[in-house]
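Architecture at a glance
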Amino acid sequence: MSRWEAGVEAQIRAAQERGEFDNLPGAGKPIPGRNMPYDESWWIKSFLQREKLPTDLLLPTPLQLRRKIERVPEEVRDLPSEEAVRAYCALLNQEIVAFLRAPTGPKVVVRPVDADAVVDRWRDERRAATPPPAPDATPLAADRTPGRFRWPWRRRRAA
């Protein structure tokens, strides 16, 4: 055994004696994926799963843009105003135009988002979600009798 290997073995033995290898997570459990067939991209899949990253990041740019376009109604649903919806559409259209100027990846048709159509749909969903206003308990105009206005503190003269 070389001098270097002997030093490493001595450090491992000392750590075992101090108990640094006791109660490690996964101790006594089978190695995950042991009986699974070999996969070249196992490390990337485990990284995405461990870091809880979306798998959309692995898609080529045109497919990522198509996914974003499909999710526009969900993304704008909770935005507070029409200006915010238009701003979201404008940012997405900037990404799409930048891709169309220098396309990469597979040839997939990607068209800019029609902001007016998105705003119309956003408005329709807002109208459908808000309940109609409740009628007032004390209608103002219905209780008044037609005729001349009379001040409440003045008395009528007796004739």
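To be clear, the structure that these remarks concern was listed above.
The structure presented is a predicted model; accordingly, all values stated were derived computationally and were not measured.

Broken down by element type, the protein chain carries seven helices and zero strands. Ordered by position from N to C terminus, the α and β elements of the protein chain give α-α-α-α-α-α-α. Each of the 159 residues in the protein chain was classed as buried or not, and the buried ones make up 13%. Pairs at least 24 residues apart make up 59% of the contacts formed inside the protein chain by residues separated by at least 6 positions. Summed over all atoms, the accessible surface of the protein chain reaches about 14,500 Å², with 55% contributed by carbon and sulfur.

Position of Asp56 relative to the elements: it lies in the loop between helix H2 (42-51) and helix H3 (61-70). Side chain to side chain, Asp56 and Arg67 meet in a polar contact 2.4 Å long. Aside from chain neighbours lying at most four places away, what touches Asp56 is Gln64, Arg67 and Arg71.

Contact geometry for H3 and helix H5 (residues 82-101): axes closest at 11 Å, N-to-C directions at 155 degrees. Relative to H5, the element H3 lies roughly antiparallel. Of the two elements, H3 crosses H5, and the hand of that crossing is left-handed. In this structure, H3 uses Thr61, Pro62, Leu65, Lys68 and Ile69 to contact H5, whose residues at the interface are Leu92, Glu95, Ile96 and Phe99. Counted by class, the contact of H3 with H5 contains six nonpolar, one polar and two charged residues.

Across soluble globular proteins, nonpolar side chains show a tendency to be buried alongside one another. In this structure, Val76, Val85, Ile96, Val113 and Val118 are the most contacted members of the largest nonpolar core, which totals 14 residues. Contributions of two or more residues to this core are made by helix H4 (72-76), H5 and helix H6 (115-129). The element contributing the most residues to this core is H5, with five residues. Ignoring anything within four residues of it in the chain, the contact list for Val118 reads Val72, Val76, Val85, Cys89 and Val113.

Before going further, it helps to spend a moment on the pattern of salt bridges. Taken as a whole and assessed by the stated rule, the structure comprises 13 salt bridges. The partner of Lys45 in a salt bridge is Asp39, and the shortest N-O contact between them spans 2.7 Å. Salt-bridge contacts for Asp56 lead to Arg67; the nearest nitrogen and oxygen are separated by 2.4 Å. Taken as a pair, Asp56 in the loop between H2 and H3 and Arg67 in helix H3 lie far apart in primary sequence, eleven residues in all. What emerges from the salt-bridge pattern is a single network uniting Glu82, Arg86, Asp116, Asp120 and Arg123.

Conventions used here
Residues numbered from 1 in each chain as written. Predicted model: local features only at pLDDT ≥ 70, side-chain atom pairs only at ≥ 80, totals over all residues. Heavy atoms only, no water. Helix = DSSP H or I, 4+ residues; strand = E, 2+ residues; numbered from the N terminus. Buried < 20%, exposed > 50% of the residue type's maximum accessible area, 1.4 Å probe, protein only. Contact = heavy atoms within 4.5 Å. Areas by Shrake-Rupley, 256 points an atom, 1.4 Å probe, with all protein chains shown as cover. Polar contact = N/O pair within 3.5 Å; in protein donor to acceptor, adjacent residues only side chain to side chain. Axes fitted to C-alpha atoms, helices over the stretch in contact; angles between N-to-C directions. Parallel < 35°, antiparallel > 145°, perpendicular 65-115°, else oblique. Left-handed = near helix turned anticlockwise from the far one by under 90°. Nonpolar A, V, L, I, M, F, W, Y, C, P; charged D, E, K, R; others polar. Core = buried A, V, L, I, M, F, W, Y, C linked by side-chain atoms within 4.5 Å. Salt bridge = Lys/Arg side-chain N within 4 Å of Asp/Glu carboxyl O.

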